Structures are given as C-alpha cells and as structure tokens.
Amino acid sequence: MRLLTHNMLASNVRGATTGYPLKLEAAKWVTKEVELNADFIRGLLPKIDWRALVAATRALGLPELLPEEQPPEEEIFAEGAAGVEGSAIRRIHHALLEIHVQEGSLVCPDTSRCFPIDKGIPNMMLHEDEV
C-alpha cells in the first residue's frame, strides 16, 4: 500500500465520526523506485492531506523526509527541481509513490478498530455488527 492510498482511506465503522486519518502501524515496508512525473504530483497535491502524509512518514520512522508545513508551490515546482536529489518534489514523490507498506495495520482514530495490511493490501472490510 502506497502512502498515497493511505492518505485517501477512512474508516466507515459504525460510531466513527470522521474515521480519518487512519493511524499507520507498519511492521514491514519497502521502497520501489518509480519515475517522477511532476505534472502528476502537481495535480495530486491539492487532494493530499499534508498533515496525514507527514504523520504517516513519521510513523515509518522517517521524521526528516517531509517538513511539518507543505512547502510553497514555487519551491516544489521550481525549474529543474525534479532533477535535484533531496528537492521538495523528489521527497514528496518518494513519500507518496515509492514507499510501499507491506505488512501492518491501519487504526481508526474514533473507534480504535484495526484494519490489517497484508502483502501490501489494506483490508477495510467491516464485520456485520460494524455496519
């Protein structure tokens, strides 16, 4: 499961008020290199909950990957930034698309319901009594 996916998921358990953001508890994660596409990141960024993304990277033990506050667009999309290792766009791309959580769980912030992640796939299925 990519952190992009994590950023979009919410719990629909009965009793959950928002069910978002889900707390990430990763037992195993890997990095898989993906070609950077600045236009894709530009279109995606307005849909991303920055605080949830930062919290997810911190949960993985990567506290320095992303700053607390989202960098300004001028910095992210500066001419030539995509080719500079460690630039804002490269770090954002890495966080969203190259980090894959293989094993672990997602925890509902309202109900503490745990959703397992197995072989990179989050199981968000609810039990009958949770619907």
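Just above, that's the structure.
Described below are features of the structure shown in this document. This structure is a prediction, so every number in the text was calculated from the model and none was measured. (Residues numbered from 1 in each chain as written. Predicted model: local features only at pLDDT ≥ 70, side-chain atom pairs only at ≥ 80, totals over all residues. Heavy atoms only, no water.)

### A short note on the sheet that holds strand 1 (residues 23-31)
Taken in spatial order, the four strands of this open sheet run 1-2-3-4, and their pairing is antiparallel. Sheet topology places strand 1 and strand 4 (121-122) at the edges, where each strand pairs with a single neighbour. Where strand 3 (residues 114-118) lies against strand 4, two bridges are found, and the strand directions are antiparallel. Each residue of the ladder has a partner; that of D118, found in strand 4, is I121. Each of strand 1 and strand 2 (99-107) is contacted by helix 5 (residues 88-98), which is oriented at about 65° to strand 2, the strand it contacts most. (Pairing = 2+ DSSP bridges. Helix = DSSP H or I, 4+ residues; strand = E, 2+ residues; numbered from the N terminus. Contact = heavy atoms within 4.5 Å. Axes fitted to C-alpha atoms, helices over the stretch in contact; angles between N-to-C directions.)

### Brief notes about helix 5
The buried fraction of helix 5 is high, at eight of 11 residues. Where helix 5 is buried, its residues contact helix 1 (3-8), strand 1, helix 2 (38-44), helix 3 (50-59), helix 4 (73-76) and strand 2. (Buried < 20%, exposed > 50% of the residue type's maximum accessible area, 1.4 Å probe, protein only.)

### Let's talk about the pairing of strand 2
The two faces of the sheet receive side chains in turn, since in a regular strand these alternate between them. Among the nine residues that make up strand 2, seven are buried, leaving the element largely enclosed by the rest of the structure. In this structure, strand 1 lies alongside strand 2, joined through eight bridges in antiparallel fashion. Paired with K23 across the bridge in strand 2 is V107. Here strand 2 pairs with strand 3 via four bridges, running antiparallel.

### Notes on the pattern of salt bridges
Under the counting rule described, the total for this entry stands at five salt bridges. The salt bridge partner of E25 is K23, with a shortest N-O separation of 3.5 Å. As a salt-bridge pair, E85 and R90 come within 3.3 Å of each other at their nearest N and O atoms. Assessed through its relative accessible area of 68%, E85 is described here as exposed. For R90, a relative accessible area of 28% translates into the label partly exposed. (Salt bridge = Lys/Arg side-chain N within 4 Å of Asp/Glu carboxyl O.)

### Some remarks on the side chain of E98
Mapped onto the elements, E98 comes out in helix 5. Buried and unpaired, E98 has no salt bridge, with R90 as the nearest side chain of opposite charge at 6.6 Å. There is a polar contact of 3.0 Å between the side chain of E98 and the backbone nitrogen of V34. In this structure, E98 is in contact with V30, T31, K32, E33, V34 and H93, ignoring residues within four places of it in sequence. (Lys, Arg positive; Asp, Glu negative; His and termini not counted. Polar contact = N/O pair within 3.5 Å; in protein donor to acceptor, adjacent residues only side chain to side chain.)

### Here we look at helix 3
Buried residues of helix 3: W50, A52, L53, V54, A56 and T57, and no others. Against the buried residues of helix 3 lie helix 1, strand 1 and helix 5. By the N-cap criterion, in which a side-chain oxygen at the helix start approaches the backbone nitrogen of a residue two or three places on, helix 3 is capped by D49, the distance to R51 being 3.2 Å. Looking one or two residues past helix 3, G61 carries a phi angle of roughly 85°, positive in sign.

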